[in-house]
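Close look at the chain arrangement
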Amino acid sequence: MTAPDVINKIKHALAKPGEGSSDFDLHPDIKLPAGRTLRPAAVLLPLVCAPDGLRLILTKRSSALKHHPGQIAFPGGKIDAGDRDAADAALREAQEEIGLPRDHVELIGQMPPHETVTGFTVTPLLGVIRREFRIVAEAGEVDEVFDVPFEHVTNLAQFSQQGRIWQGRMRMYETVPFGPYYIWGATARMLRALAERMQ
């Protein structure tokens with residue numbers, strides 16, 4: 001399937017109605033309190049049409065960060081007061097974190113929000129990068145910017161569930177590793193939600 005074909009498939013998948021995802025999806029026994037306050041955030045899933053097919057740009061967060069050091073993530077962050085909406089926030093963060101000019105991106109849709117264990121409601125937006133740009137990793141925030149085959153991270157056969165003790169109990173989470181990159185947690189859960197939509 002060519003990159004344009006995959007992009008059309010993504011657009012079709014994003015047009016489907018559906019519920020959002022959550023870091024708690026693998027723990028149906030956990031009852032989340034009604035009326036809880038969540039902080040709004042947005043991330044960009046930047047897609048590149050490469051000779052070998054569609055690829056997804058990801059970042060490796062700085063190991064010096066207080067929250068989620070060294071984890072694989074999408075460019076993005078909390079929605080600031082000056083942002084018009086989730087799309088504006090995601091594009092701003094992508095420019096800050098990886099040097100992606102916002103006018104190089106064609107947004108093709110968004111997924112329902114994802115709730116994290118850290119109290120954020122994250123809106124994932126997908127965008128195709130239509131012009132080349134020079135990647136500049138944000139000093140102190142991003143250790144590495146890399147890309148992975150989109151086909152790999154949206155293939156349900158590549159996902160597995162693993163667990164670790166967190167706050168005194170076993171917590172299960174999604175993983176979709178690729179080469180040396182251990183993609184897990186909220187990033188992997190959002191990718192799985194996208195993969196399920198594309199089936």
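All of the points below concern the structure found in this document.

About the thresholds
Residues numbered from 1 in each chain as written. Predicted model: local features only at pLDDT ≥ 70, side-chain atom pairs only at ≥ 80, totals over all residues. Heavy atoms only, no water. Helix = DSSP H or I, 4+ residues; strand = E, 2+ residues; numbered from the N terminus. Rg over C-alpha atoms; globule rule 2.2 N^0.38 Å. Buried < 20%, exposed > 50% of the residue type's maximum accessible area, 1.4 Å probe, protein only. Contact = heavy atoms within 4.5 Å. Areas by Shrake-Rupley, 256 points an atom, 1.4 Å probe, with all protein chains shown as cover. Lys, Arg positive; Asp, Glu negative; His and termini not counted. Charge placed at Lys NZ, Arg CZ, Asp CG, Glu CD. Salt bridge = Lys/Arg side-chain N within 4 Å of Asp/Glu carboxyl O. 1 Å grid on protein atoms, 1.4 Å probe; cavity = no way out; pocket = protein on both sides within 12 Å on 5 of 7 lines; lining within 4 Å. Points joined across faces, edges and corners; volume = space filled by probe spheres on them. Nonpolar A, V, L, I, M, F, W, Y, C, P; charged D, E, K, R; others polar. Phe/Tyr/Trp six-rings, centres within 6.5 Å; stacked < 30°, edge-to-face > 60°. Lys NZ or Arg CZ within 6 Å of the ring centre and 35° of its normal. Core = buried A, V, L, I, M, F, W, Y, C linked by side-chain atoms within 4.5 Å. Polar contact = N/O pair within 3.5 Å; in protein donor to acceptor, adjacent residues only side chain to side chain.

1. Description of the overall build of the protein
- Within the protein one finds 4 helices and 11 strands.
- The C-alpha radius of gyration of the protein comes to 16 Å, within 12% of the 16 Å expected for a compact globule of 199 residues.
- Each principal axis of the C-alpha atoms in the protein carries an extent, and together these give about 45 × 35 × 35 Å.
- In the protein, buried positions account for 47% of the 199 residues.
- In the protein, once contacts between residues fewer than 6 apart in sequence are set aside, the share between residues at least 24 apart is 64%.
- Put simply, the protein shows about 10,200 Å² of open surface, and 52% of that area lies on carbon and sulfur atoms.
- When the 23 positive and 25 negative side-chain charges of the protein are each reduced to one mean point, those points stand 4 Å apart.

2. Thoughts on the pattern of salt bridges
- Within this structure, the stated rule accounts for 14 salt bridges.
- Across the pair Arg92 and Glu93 runs a salt bridge, and its minimum N-O distance is 3.3 Å.
- For Glu93, a relative accessible area of 11% translates into the label buried.
- Across the salt bridge formed by Arg192 and Glu196, the nearest N and O atoms sit 3.0 Å from each other. Taken together, the residues span about one helical turn, with Arg192 and Glu196 both in helix α4 (residues 185-197) at a distance of 4 residues.
- For Glu196, a relative accessible area of 38% gives the class partly exposed.
- Connected through salt bridges with shared partners, the residues Lys78, Asp80, Asp83, Arg92, Glu93 and Glu96 form a single ionic network.

3. Some words on empty space enclosed by the protein
- Evaluation of the coordinates by the stated rule reveals 1 cavity of 30 Å³ or more.
- Taken as a whole, the largest cavity holds about 60 Å³ of empty space.
- As for the largest cavity, its lining consists of Ser22, Asp23, Asp25, Leu26, Arg171, Met172, Tyr173, Glu174, Gly185, Ala186 and Arg189.
- Among the elements that line the lining of the largest cavity, the one with the most residues is strand β11 (residues 169-175), at 4 residues.
- Partitioned by chemical class, the residues of the lining of the largest cavity number 4 nonpolar, 2 polar and 5 charged.

4. Considerations on the layout of surface pockets
- One number sums up the size of the second largest pocket: a volume of about 360 Å³.
- Lining the second largest pocket are 17 residues; nearest its centre among them are Met1, Val6, Phe150, Glu151 and Thr154.
- Among the secondary structure elements, those contributing two or more residues to the lining of the second largest pocket are α1 (3-14), β3 (53-61) and α3 (150-153).
- Among the residues making up the lining of the second largest pocket, the classes are represented as 8 nonpolar, 5 polar and 4 charged.

5. Examining the packing of aromatic side chains
- If you walk through the whole model with that rule in mind, you get 3 aromatic pairs.
- Over the aromatic face of Trp184 sits the side chain of Arg164, whose NZ or CZ is 4.6 Å from the ring centroid.

6. Remarks on the nonpolar core
- One finds Ile10, Leu56, Leu126, Phe150, Ile183 and Leu191 to be the most contacted residues of the largest nonpolar core, which totals 36 residues.
- Of all the secondary-structure elements, those providing two or more residues to this core are α1, β2 (39-50), β3, β8 (120-129), β9 (142-149), α3 and α4.
- Setting aside chain neighbours within four positions, we find Ile10 in contact with Leu47, Leu54, Ile108, Leu126, Phe150 and Met198.
- Of all hydrophobic cores here, the second largest spans 17 residues; its members include Ile57, Ala87, Ala90 and Val145.

7. Observations regarding the side chain of Arg55
- Tracing the backbone through its elements, the reader meets Arg55 in strand β3.
- Of the residues examined, Arg55 reaches a relative accessible area of 16% and is grouped as buried.
- Among the polar contacts made by the side chain of Arg55, one reaches the side chain of Asp147 at a distance of 2.3 Å.
- Ignoring any residue separated from it by four or fewer positions in sequence, one finds Arg55 in contact with Pro46, Leu47, Val48, Ala50, Asp147, Val148, Pro149 and Phe150.

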